[in-house]
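For reference, the chains in residue letters:
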Amino acid sequence: MTKFRILFLALICAVCAQIDAASRTQCDAEKKGLATINRASAEATIGFLAADELEGREAGWQGGRIAGQYIASLLQLWGIEPLFDSYFQPFEAYRAERAKPGRLQVHPDSIAAIKAQPVHQKYAMRNVLGKIEGKKKDEIVIVGAHYDHLGYDPMLDGDKIYNGADDNASGVSAVLQIARAFLATGEQPERTVIFAFWDGEEKGLLGSKYFAQVYPDIKKVKGYLNFDMIGRNMDESRPKHVAFMYTEATPAFGEWLKKDVKQYNLQLEPDYRPWDNPVGGSDNATFARLQIPIMWYHTNGHPDYHMPGDEAYKINWEKVVEISKASFLGAWKMANQKF
């Protein structure tokens, strides 16, 4: 064997050893993160956000502000940095007086036209945004869910509060568990990860729209993971069902989930739905319209959708935990791998 061939083989062995070590590090990080995701945390978060005392968390109302403060307090407690100077990104939404047609708007041109009218409505809202800085300063991924819901209706006969346990306290619980799991890995991700809690989704995706139009680094966002309703069963005979929608042009998202379900024995039966342009349904639409690849977990509708009966005691806790685990693994890969 020539000296050149010996050196060449030695180089290959060294490279393989580095790849193997990196793979083991990633696997260890995933296991550490998974170990922090549990039912008790899901119950605590969903139970608080869906409590009657928050009166349905309507955007712009006191219950919604309490919910936002609760989320920001947890991020601060865990040591996750705010994206800006504060965890809160305040914004205003406007529309015409309620007797006139029209939806709330956050775009400056639309706001200017509405404010030109002598009588109009103004809502004060705020997103909650935290981050874990990545090694690459020019690449960002976002994990998000809306935290607002429909509030309460004093004219209802009976239960007057739209608690929104599934919609979308369940999604908020997943984002919070993922944020804590990232910290537990002990590893800095390659890309910066923003943990986003949107306000005003129920009134027209207002929080995510506002963020996208003013965030100076929006072009650095490489992927977005969305949660909206991950805690109920559309079909009670299929308690492990979850719809997994993702950008069809990014097949890695589906491949990751298939691999993780098998490797970690996740108790889920995903319905894989690659979507050419995922612009419907929730805050994923805001980012899909900007050609940002998205993943979206959703467990479909149920009889309590947008009704006062959407309460915490009806949540499928095992499903919420398993989806949170699966999505942490996907978010970790989104933050660290090429796709």
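Here goes a summary of the coordinates provided. Just so we're clear, the structure is a prediction, and the values are computed from it rather than from any experiment. (Residues numbered from 1 in each chain as written. Predicted model: local features only at pLDDT ≥ 70, side-chain atom pairs only at ≥ 80, totals over all residues. Heavy atoms only, no water.)

## Description of the packing of helix α5 (residues 165–184) against helix α9 (residues 317–336)
Part 1 of the argument: Look at α5 against α9: their axes get within 9 Å of each other, and the N-to-C directions meet at 50°. Classified by the interaxial angle, the pair formed by α5 and α9 is oblique. Note on packing geometry: the crossing formed by α5 with α9 is right-handed. Along the contact surface, α5 presents S173, A174, I178, A181 and F182, while α9 presents V320, S324, S327, F328, A331, W332 and A335.
Part 2 of the argument: Its residues assigned to classes, the contact of α5 with α9 shows 9 nonpolar, 3 polar and no charged. (Axes fitted to C-alpha atoms, helices over the stretch in contact; angles between N-to-C directions. Helix = DSSP H or I, 4+ residues; strand = E, 2+ residues; numbered from the N terminus. Parallel < 35°, antiparallel > 145°, perpendicular 65-115°, else oblique. Left-handed = near helix turned anticlockwise from the far one by under 90°. Contact = heavy atoms within 4.5 Å. Nonpolar A, V, L, I, M, F, W, Y, C, P; charged D, E, K, R; others polar.)

## Things to note about the pattern of salt bridges
Part 1 of the argument: Inspection of the entire model under this criterion finds 16 salt bridges.
Part 2 of the argument: Residues K220 and D217 are paired through a salt bridge, measuring 3.5 Å at the closest nitrogen-oxygen approach.
Part 3 of the argument: Residue K333 is joined to D260 by a salt bridge in which the shortest nitrogen-to-oxygen separation is 3.0 Å. With K333 in helix α9 and D260 in helix α7 (residues 252–263), this residue pair connects regions lying 73 residues apart in the sequence.
Part 4 of the argument: Residues participating in the shared-partner salt-bridge network are R232, D304, D310 and K314. (Salt bridge = Lys/Arg side-chain N within 4 Å of Asp/Glu carboxyl O.)

## Focus on the layout of surface pockets
Part 1 of the argument: As a volume, the largest pocket reaches approximately 290 Å³.
Part 2 of the argument: As for the largest pocket, its lining consists of 15 residues, and the residues nearest its centre are V106, G204, L205, L206 and K209.
Part 3 of the argument: Among the elements that make up the lining of the largest pocket, the one with the highest residue count is helix α6 (residues 206–214) (4 residues).
Part 4 of the argument: When the residues that make up the lining of the largest pocket are grouped by side-chain class, the tally is 6 nonpolar, 5 polar and 4 charged. (1 Å grid on protein atoms, 1.4 Å probe; cavity = no way out; pocket = protein on both sides within 12 Å on 5 of 7 lines; lining within 4 Å. Points joined across faces, edges and corners; volume = space filled by probe spheres on them.)

## Structural notes on the nonpolar core
Part 1 of the argument: One finds F182, F195, F197, F227 and Y297 to be the most contacted residues of the largest nonpolar core, which totals 65 residues.
Part 2 of the argument: When residues of this core are assigned to their parent elements, the largest contribution, 11 residues, is made by α9.
Part 3 of the argument: Judged by nonpolar contacts, the second largest core, of 19 residues, contains L129, Y215, I218 and A243. (Core = buried A, V, L, I, M, F, W, Y, C linked by side-chain atoms within 4.5 Å. Buried < 20%, exposed > 50% of the residue type's maximum accessible area, 1.4 Å probe, protein only.)

## Let's talk about the packing of aromatic side chains
Aromatic ring pairs are defined here through the distance separating the ring centres and the angle between the ring planes.
Part 1 of the argument: Scanning all chains against the criterion turns up 18 aromatic pairs.
Part 2 of the argument: Ring centres of F211 and Y215 lie 4.7 Å apart, and the angle between their planes is 20°; this geometry places the pair in the stacked category.
Part 3 of the argument: Given a relative accessible area of 0%, F211 falls into the buried group.
Part 4 of the argument: Residues F328 and W332 carry aromatic rings whose centres are separated by 6.3 Å and whose planes lie at 35° to one another, so their mutual orientation is tilted. With a gap of 4 residues between them, F328 and W332 both fall in helix α9, about one helical turn apart. In this pair, the class of F328 matches that of W332, namely buried.
Part 5 of the argument: One aromatic cluster is present, formed by F84, W198, F211, Y215, Y224 and F287 through successive ring pairs.
Part 6 of the argument: A cation over a ring is seen here: R126 above F88, with NZ or CZ 3.9 Å from the ring centre.
Part 7 of the argument: Directly above the ring of Y272 sits K258, whose terminal nitrogen or CZ lies 5.0 Å from the centroid. (Phe/Tyr/Trp six-rings, centres within 6.5 Å; stacked < 30°, edge-to-face > 60°. Lys NZ or Arg CZ within 6 Å of the ring centre and 35° of its normal.)

## Some thoughts on the packing of helix α2 (residues 39–49) against helix α3 (residues 62–78)
Part 1 of the argument: Close contact between α2 and α3 brings their axes to 10 Å; oriented N to C, the two are set at 155°. Judged by the inter-axis angle, α2 sits roughly antiparallel to α3. Taking contact as the criterion, the partners of A44, T45, F48 and L49 in α2 are, on α3, I66, A67 and Y70.
Part 2 of the argument: For the contact of α2 with α3, the class distribution of residues is 6 nonpolar, 1 polar and no charged.

## Points about the environment of F182
Part 1 of the argument: Mapped onto the elements, F182 comes out in helix α5.
Part 2 of the argument: In this structure, the C-alpha to C-alpha distance between F182 and H120, residues 62 residues apart in sequence, is 43 Å.
Part 3 of the argument: Discounting residues that sit within four places of it in the chain, F182 has contacts with I132, E187, P189, V193, F195, F328, A331, W332 and A335.

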